Amino acid sequence: MNDNRLLECLAADYSLLRKAAAAGDPAAPVPSCPGWSAADLLTHITAVYMHKTVTMRTGSYPDPWDPDLSGEPLAVLDAAYGALTAEFATRPADSPALTWFEPDQSVGFWIRRMAHESVIHRVDAELAAGLPVTPIPADLAADGVDEVLTAFLAYEAAQSPEEFAAMEGGHLAGPEGQEAIVVRAGEREWTVRPAPTSVRISEGGVEAPRALVAGEAAEVLLWMWGRGGGVEAAGDPAWAAYLRRMLVLVTQ
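Residues numbered from 1 in each chain as written. Predicted model: local features only at pLDDT ≥ 70, side-chain atom pairs only at ≥ 80, totals over all residues. Heavy atoms only, no water.

The next subject is the packing of aromatic side chains. For any pair of aromatic rings, the description rests on two quantities: the centre-to-centre distance and the angle between the ring planes. Under the definition given, this model contains 12 aromatic pairs. When the centroid spacing of 5.9 Å and the interplanar angle of 55° are considered together, the rings of Y49 and Y81 count as tilted. Residue Y49 is located in helix α2 (residues 38-58), and its partner Y81 is located in helix α3 (residues 73-90); the two are separated by 32 residues in the primary sequence. Across the pair, exposure class does not vary: Y49 and Y81 are buried alike. Members of the aromatic cluster, joined through ring pairs, are W100, F101, F109, W110, F152, Y155 and W225. (Phe/Tyr/Trp six-rings, centres within 6.5 Å; stacked < 30°, edge-to-face > 60°. Helix = DSSP H or I, 4+ residues; strand = E, 2+ residues; numbered from the N terminus. Buried < 20%, exposed > 50% of the residue type's maximum accessible area, 1.4 Å probe, protein only.)

Below, the structure is given as C-alpha cells:
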C-alpha cells in the first residue's frame with residue numbers, strides 16, 4: 001500500500017473510532033481486550049498517538065514517558081490525533097524517523113503502523129460500544145497481515161530468540177525450520193517457516209504445507225490479532241494452533 005492510501009485509511013478509522021467512543025459507555029468492558037474498559041482503550045490510543053508524535057519530533061523515545069492526558073477524553077484524543085497527522089503532513093514519508101523496526105527507520109513506518117494500530121482499536125471501540133463492526137478494506141487488511149508476519153512475528157523472533165524459544169506450549173518445528181505453514185488472506189499468500197528460535201517469512205505459498213490458514217483478508221487480520229475472525233484451517237490442526245501461539249507471543 002502507498003502512504004497516501006494508508007493515511008486515508010487512518011483518517012477513516014480514526015473517525016469511526018471516535019464515533020464509537022462517543023456513543024459508548026466509558027465504563028463498558030472491551031470484549032476483545034480483557035480487563036480494559038472503553039475509557040482504558042481511549043487512554044491507550046491517545047497515549048500511542050502522543051508517543052509517536054514526540055518520537056518523530058525529537059528523534060528519540062521520550063524517557064520518562066508521562067503524557068498529559070488531563071482534560072475531556074475525546075478532546076484530548078482529538079488533539080493527539082491532530083498533532084500526529086500534522087507531523088505526518090510536514091515530513092516526507094521517506095524521511096528519517098526512529099522506529100523499533102531496524103529495517104525501516106522512516107516516517108512511512110509510523111504511517112503504516114498507526115494505520116494498523118487504529119483499525120484494530122477501532123474494531124475494539126465498536127465492540128465495546130455494541131456497534132456493528134465496520135468492514136475493514138481488503139487492501140488494508142492484507143497489508144496488516146503482511147505487517148504482522150514480517151514486522152512482528154519474524155522480526156520479534158529474531159530480536160528475542162530466547163523468549164521465543166521458551167514460548168508457552170513449546171515448538172513443533174525442528175531446528176532446521178523446513179516445515180511450512182501457509183497463510184492465505186484473500187488473494188495473497190505467505191509461507192511461514194518457523195524454528196525454535198526464528199521464523200522465516202516469504203510471500204507466496206508452497207505445496208503441501210503442514211497447515212493452511214485461509215480466509216478473507218479482514219478475517220485473517222482479526223484472527224491474527226486475537227479479535228475473532230472467521231478463518232478456515234486445513235492440514236494438521238496442531239500446526240494451525242502452533243501459528244496462533246506464536247502470534248500471541250508477539251501481538252497484543
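With that out of the way, let us pick up the side chain of T53. Along the chain, T53 turns up in helix α2. Residue classification places T53 among the buried positions, given a relative accessible area of 3%. There is a polar contact of 3.4 Å between the side chain of T53 and the backbone nitrogen of L84. Not counting residues within four places of it along the chain, the set of residues in contact with T53 comprises A80, A83, L84 and E87. (Polar contact = N/O pair within 3.5 Å; in protein donor to acceptor, adjacent residues only side chain to side chain. Contact = heavy atoms within 4.5 Å.)

By size, the foremost hydrophobic cluster in this structure holds 73 residues, and its most contacted members are Y49, L153 and L243. The residues touching L153, leaving out its near neighbours within four places in the chain, are V148, F164, V192, V199, I201, L243, M246, L247 and V250. (Core = buried A, V, L, I, M, F, W, Y, C linked by side-chain atoms within 4.5 Å.)

Moving on: unusual backbone geometry. Following D63, the chain continues to P64 via a peptide bond in cis, the omega torsion being 5°. Along the polypeptide, P64 turns up in the loop between α2 and α3. Although it is not a glycine, A208 sits at a positive phi angle of roughly 55°. In this fold, A208 is placed in the loop between β3 (198-203) and β4 (211-215).

If you walk across this open sheet you meet the five strands as β3-β2-β1-β4-β5, and the pairing is mixed. Looking at which strands have only one partner, the edges of the open sheet turn out to be β3 and β5 (232-235). Between one strand axis and the next, the sheet turns through 20° on average, direction left out of account. Here helix α7 (residues 217-224) sits on the sheet in contact with β1 (181-185) and β4, set at roughly 130° to β1. Along the sheet, helix α8 (residues 237-250) contacts β1, β2 (188-195), β3, β4 and β5; its crossing angle with β1, the most-contacted strand, is approximately 75°. (Pairing = 2+ DSSP bridges. Axes fitted to C-alpha atoms, helices over the stretch in contact; angles between N-to-C directions.)

Moving on, we come to the UniProt feature "domain: MDMPI C-terminal" (unreviewed entry) in the protein chain. UniProt marks residues 139-241 with the feature "domain: MDMPI C-terminal" (unreviewed entry), using the numbering shown here. In the segment residues 139-241, helix accounts for 38% and strand for 27%; the C-alpha atoms at its two ends are 26 Å apart. (UniProt positions renumbered as here; feature names shortened; annotations may be inferred.)

Let us look at the environment of W36. Tracing the backbone shows W36 in the loop between α1 (3-23) and α2. The spatial distance from the C-alpha of W36 to the C-alpha of D68 is 20 Å, given a sequence separation of 32 residues. Every residue in contact with W36, bar those within four places of it in the chain, is listed here: A28, P29, V30, L41, H44 and H121.

A separate point is α3. With 18 residues, α3 should cover 26 Å at 1.5 Å per step; its first-to-last C-alpha distance of 26 Å lies within 8% of that length. Here α3 has its buried residues at L74, V76, L77, A80, Y81, L84, E87 and F88. The buried residues of α3 all sit within an arc of 165° when viewed along its axis, so they share a single face. Across from the buried face of α3, at angles greater than 90 degrees, the exposed residues are A79, A89 and T90. In this structure, the buried side of α3 is in contact with α1, α2 and α4 (107-129). A distance of 3.1 Å separates the backbone nitrogen of L74 from a side-chain oxygen at the start of α3, and that oxygen is part of E72. (Expected span 1.5 Å × (residues − 1). Arc of directions from axis to C-beta.)

Following the criterion strictly, the structure yields 17 salt bridges and no others. In this structure, the salt-bridge partner of R113 is E117, at a minimum N-O distance of 2.8 Å. Here R113 and its partner E117 are both found in helix α4, four residues apart, which amounts to about one turn of the helix. Pair check on accessibility: R113 and E117 agree, each one buried. Close ionic contact of E147 with R113 constitutes a salt bridge, the shortest N to O distance being 2.7 Å. One end of the pair, E147, is in helix α5 (residues 138-159); the other, R113, is in helix α4, and 34 residues separate them in sequence. Like R113, E147 is buried. Where salt bridges share partners, they join R112, D143, D146, R188 and E203 into one cluster. (Salt bridge = Lys/Arg side-chain N within 4 Å of Asp/Glu carboxyl O.)

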